Amino acid sequence: MAGPLLQTKFHVPRRRRALVSRPRLSDRLTRGTESALTLVSAPAGFGKTTLLTEWLADWLAAAPAAERSAAWLSLDERDNDPALFWRYLVAALDSVAPGVGASALALLQSTQPAAEAVLATLLNDLGAVPNDVVLVLDDFHVIEAGEVQDGMAFLLEHLPPQIRLVIAGRADPALPLARLRGRGELVEVRAADLRFSPDEAAAYLNGVMNLALTPQDVEALEGRTEGWIAALQLAALSIQGRDDVAGFIAGFAGDDRYIVDYLAQEVLQRQPGSVRDFLLQTSILGRLNGPLCDAVTGQGGGRATLEALDRGNLFLVPLDDQRQWYRYHHLFADVLQAHLMEEQPDRIRELHRRASDWYEQRGERSEAVHHALAGEDFERAADLVEPTIPELRRNRQEATLRSWLEALPDELFRVRPVLTVGLVSSLMVRGDFDGVEARLRQAEKWLDPTADRTGMAVVDEDAFRTLPTAIAMYRAGTALVRGDVAGTMTHARRALDLADEDDHLARGAPAALLGLAYWTSGDLDESSRLYVDAMVSLTRAGYHSDVLGGSIALADMRLAQGRLREAMGIFERGLQRAERSQPVLRGAADMHVGLSHVLRERGDLDAARMHLQASSELGEHVGLPQNRYRWRVAMARIREAGGDLVGALDLLDEAERVYVGDFSPDVRPVPALRARVLVAQGRWAEALDWAQERGLSVDDQLSYLREFEHVTLARALSARYTAERDEWSIREAAALLERLRSAAEDGGRTGSLLDVLVVQSLASQAQGDLPAALISLRRALTLAEPEGYVRIFVDEGAPMASLLRVVAKEGDPGSYVRRLLAAFDGTKVRKPVSPEVIDPLSPREIDVLRLLGTDLDGPDIARRLFVSLNTVRTHTKNIYAKLGVNNRRSAVRRAEDLGLMVRPR
Amino acid sequence: MTTDDDAGRYEIRVEGHLASRWAVWFDGMSLTSESDGTTSIRGQVIDQAALHGLLQRLRDTGLPLISVTQLDPSITESTPTPRRNAT
């Protein structure tokens, strides 16, 4: 099941033969197409589905087919797995607006399913749908998962006006209904509206069912059922063919019993014994077809029986147009099951067992597991679940896997090592690390070759073979989360040693963890070597989005090593890889931000700014979780370079607010960046306050993790000396810097070394020791020139400019120093490019614009973007208007001038 | 995980009389048809999640819900429910 979707869930229920027409409700539903949400909320058996079916058919018929379409999705409990829910929802929309879900579906399968990313992509495509679409989500009350409800609220908030949502269910959904009501964006049909009025009851009983009842009888039935449609239907079925109708009605009306139970029993009693048995035994099935019913009852003729029940209108709901799949009406199914439990309690397990077998033979594992669990056949369920784990994981159906594993009794895991490790990974995905080690030990004890393996149950032999690797890997992961670097290294190395040469995933993941551990400890040569290996393995294993995330870490390591060019190459290749993929891979936005960082460092502020703009145009959903903060830091540094220190501080404050941690060490913390800007503003006292709060001191033992903060402290102390001339500050700063310099040299961290040398040079200058200042500076220049560093000098302003002028005077300055000096002037006179002068293009228009710059023709562009040719024409027209041009070539040229065509350099 | 605080005896009242066969459907709770045409469903639930599960099952039957009451264990344990109304 992890693979194909059940087509019966998309089936729009067909119109029943004859119905009571309900114009007042249909009118209200039609009005609902003007509102964001229509809610049909009432208990079971109130005719919700029938009303919607009936209305949809009329609504669709009232306009040309090209203008209106409707999608239907019947939900069940399993859709509480967000990965599955969104796949179904997107597929339902895709069925009426072909192509509209392609990007979202690809995203769902290719990356971690961040619901908002998937939905943003879907919404973007829905915006281009030309016709009106109604999406009905039936039985929405089964959805309890908060993640799904949040996603639905987000979707509802951003739905384009031509897409209308109808939610039907037995309970009000956890959506912001009051707000929608207040804005007039909610149309409701509730139980009071759905109850049959006396007239409707008469029309049903005498018109549709042809019962020829007296007005008194109709009144009695209507009164007793209070217009509850399912009860009236059951009553009508009970009355059909009865002689003493008045007596039956009188007996029924004077009875206090649960109506449905009373009437269903009446109906059941009048069925032949074989039909009654069939109904009870098949009541355990969520869906029924002939062969499945045969398997469960152990008899033939299931299909014929179903057809007969359907003809007799016996609460059977068809799930397709071929009359293959049916289900019982929920109310009726409940009554049948209650009877089954009372009359044949010992048979229930066997019935589930047969259903489970049938589904297993057909390869429908999810249904097979469902029935095994329902029949409390846990051994069987475990046997079925174990080999499904890799597939569920690939499809990111963590919630489904967890719900299965949690339904299994604990003692079962004791003898099932593979299943136990599956449970561990499920716990870790949820951030639950507590019981992990005990579980791993439990699994591990079966791995000892001398152990007695009798009693052990393993279905997935491949997984058992690689279990030692998996166990070591999960141990490394828990150690890293606990901040235990040594433990991470030990376990990750063990996992790497144990992994097969050709098992790329099993090699890539521990190599990356080991790399992170070395990075945290400041050994960048080793960490980057491991990371390169990890990325190669993960690429081979097809985990492209994870590779993009990893390349950010690798580029960060290169930056610390002072290898600006390599960092740039990593981001460029990453961007190409991300953009080659359709849809653009999550992480593409991060690549632009990375490029912006490097380009700014090299002094190309315009290009740096354009990449930031390109990153925002891609949208947040194409960014990894940290991109929000990284983007703001990058923009803050650009503002700082432009002399706007106040603006830089604002952005850093924002960056701090949106910061989220991940496995990578936070080696350039935002508060430290902020403190540096404060120093540049002359607010060194506040920077020193920050250092005190952070518990930083000049005597600290040095570690790579705090290197950036320590250099920042030295800057603040040096600034205090410049202002107050207190010898203590400069002495302490100088000593700290000297220690930092040798630590950076030892760790091969040229990037850090440059940072230290620049501060050392300025500190010496402040003390009036020009020769020492020049020694530090010259060394920095030698290291920085091959990599093209600019801002690390130029951001220091006038004091650095005067030192560089001395260097220039004292000998042949070389083109590098001249370029740096020129950059100081540029900072003052630089004119901002302002793409804002034009009416901003929408993200979709920018997509079209970029493709206009290629050789693709209109139909090709339409195919590439999964939209119609007409949509492309509309976008093109808008682009021309906004750019003030009238043909493709000038549009491209104008866009290039404005930096809108920005491409990897 | 559940805590003992969540567990307890509850009485749920619904409109209409439910046949005793439905007791299995409601996880072995005891059903009592009251003379006012309602049914009391009484019994132990292990935690809040179980109580909500029970309420959902009730919702699915379409029986109108009248009240949900937590019973004081000191009283109800010793007080059997004598009124059994046969309609």
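Residues numbered from 1 in each chain as written. Chains lettered and ligands numbered in written order. Predicted model: local features only at pLDDT ≥ 70, side-chain atom pairs only at ≥ 80, totals over all residues. Heavy atoms only, no water.

### Observations regarding the overall build of chain B
No. 1: A tally of regular secondary structure across chain B gives three helices and four strands.
No. 2: Helices and strands in chain B line up, N terminus first, as β-α-β-β-α-β-α.
No. 3: Burial statistics for chain B: of 87 residues in total, 43% are counted as buried.
No. 4: A separation of at least 24 residues holds for 66% of the contacts in chain B among residues at least 6 apart in sequence.
No. 5: Total accessible area computed for chain B in this model is approximately 4800 Å², and 53% of it derives from carbon and sulfur atoms. (Helix = DSSP H or I, 4+ residues; strand = E, 2+ residues; numbered from the N terminus. Buried < 20%, exposed > 50% of the residue type's maximum accessible area, 1.4 Å probe, protein only. Contact = heavy atoms within 4.5 Å. Areas by Shrake-Rupley, 256 points an atom, 1.4 Å probe, with all protein chains shown as cover.)

### So, the environment of A:His370
All names here are of chain A.
No. 1: Along the polypeptide, histidine 370 turns up in helix 19 (residues 365-374).
No. 2: With a relative accessible area of 34%, histidine 370 lands in the partly exposed category.
No. 3: For the pair histidine 370 and histidine 352, spaced 18 residues apart in sequence, the C-alpha to C-alpha distance is 8.9 Å.

### Digging into helix 22 (residues 398-407) of chain A
An α-helical segment advances 3.6 residues per turn. Residues three or four places apart therefore align on the same side.
No. 1: Those residues of helix 22 of chain A that fall on the buried side of the exposure criterion are A:Glu398, A:Thr400, A:Leu401, A:Arg402, A:Trp404 and A:Leu405.
No. 2: Residues of helix 22 of chain A that are buried make contact with helix 19, helix 20 (378-385), helix 21 (389-394), helix 23 (410-414) and helix 24 (417-429) of chain A.

### Some details on the packing of aromatic side chains
No. 1: Counted according to the given criterion, the structure contains 14 aromatic pairs over all chains.
No. 2: Of the aromatic side chains, those joined through ring pairs into one cluster are A:Tyr258, B:Trp22, B:Trp25 and B:Phe26.
No. 3: The lysine or arginine in question, A:Arg287, covers the ring of A:Trp325, its NZ or CZ lying 4.1 Å from the ring centre.
No. 4: Between the NZ or CZ atom of A:Arg439 and the centre of the ring of A:Phe413, over which it lies, the distance is 5.7 Å. (Phe/Tyr/Trp six-rings, centres within 6.5 Å; stacked < 30°, edge-to-face > 60°. Lys NZ or Arg CZ within 6 Å of the ring centre and 35° of its normal.)

### Remarks on the pattern of salt bridges
Residue and element names in this part refer to chain A.
No. 1: Per the counting criterion, the structure on display carries 68 salt bridges over all chains.
No. 2: For the salt bridge of arginine 507 with glutamate 501, the shortest nitrogen-to-oxygen distance reads 3.9 Å.
No. 3: The class of glutamate 501 is exposed, set by a relative accessible area of 64%.
No. 4: One network of salt bridges, with partners in common, ties together Lys9, Asp76, Arg78, Asp79, Arg287, Arg362, Glu364 and Glu367. (Salt bridge = Lys/Arg side-chain N within 4 Å of Asp/Glu carboxyl O.)

### A short note on unusual backbone geometry
All names here are of chain A.
No. 1: One non-glycine residue with positive phi stands out, namely glutamate 376, at about 55°.
No. 2: Mapped onto the elements, glutamate 376 comes out in the loop between helix 19 and helix 20.
No. 3: Its identity as a non-glycine residue notwithstanding, arginine 725 has a phi of 55°, on the positive side.
No. 4: Positionally, arginine 725 belongs in the loop between helix 39 (704-724) and helix 40 (727-746).

### Concerning the domain arrangement of chain A
No. 1: According to the domain assignment, chain A contains domain 1 (7-193), domain 2 (198-269), domain 3 (466-542), domain 4 (579-589 + 617-636 + 652-829) and domain 5 (836-897).
No. 2: Computed from C-alpha coordinates alone, the two centres of domain 1 of chain A and domain 3 of chain A are separated by 44 Å. (Domains from an automatic or database assignment.)

### Observations regarding the packing of helix 18 (residues 348-361) of chain A against helix 19 of chain A
All names here are of chain A.
No. 1: Axis separation between helix 18 and helix 19 bottoms out at 8 Å; the angle between their running directions is 165°. Viewed along their axes, helix 18 and helix 19 adopt a mutual orientation that is roughly antiparallel. The hand of the helix 18/helix 19 crossing is left-handed. Residues His352, Ala355, Ser356, Tyr359 and Glu360 of helix 18 form the contact with helix 19, whose own contacting residues are Glu367, Ala368, His371, Ala372 and Ala374.
No. 2: Considered class by class, the residues forming the contact of helix 18 with helix 19 number five nonpolar, three polar and two charged. (Axes fitted to C-alpha atoms, helices over the stretch in contact; angles between N-to-C directions. Parallel < 35°, antiparallel > 145°, perpendicular 65-115°, else oblique. Left-handed = near helix turned anticlockwise from the far one by under 90°. Nonpolar A, V, L, I, M, F, W, Y, C, P; charged D, E, K, R; others polar.)

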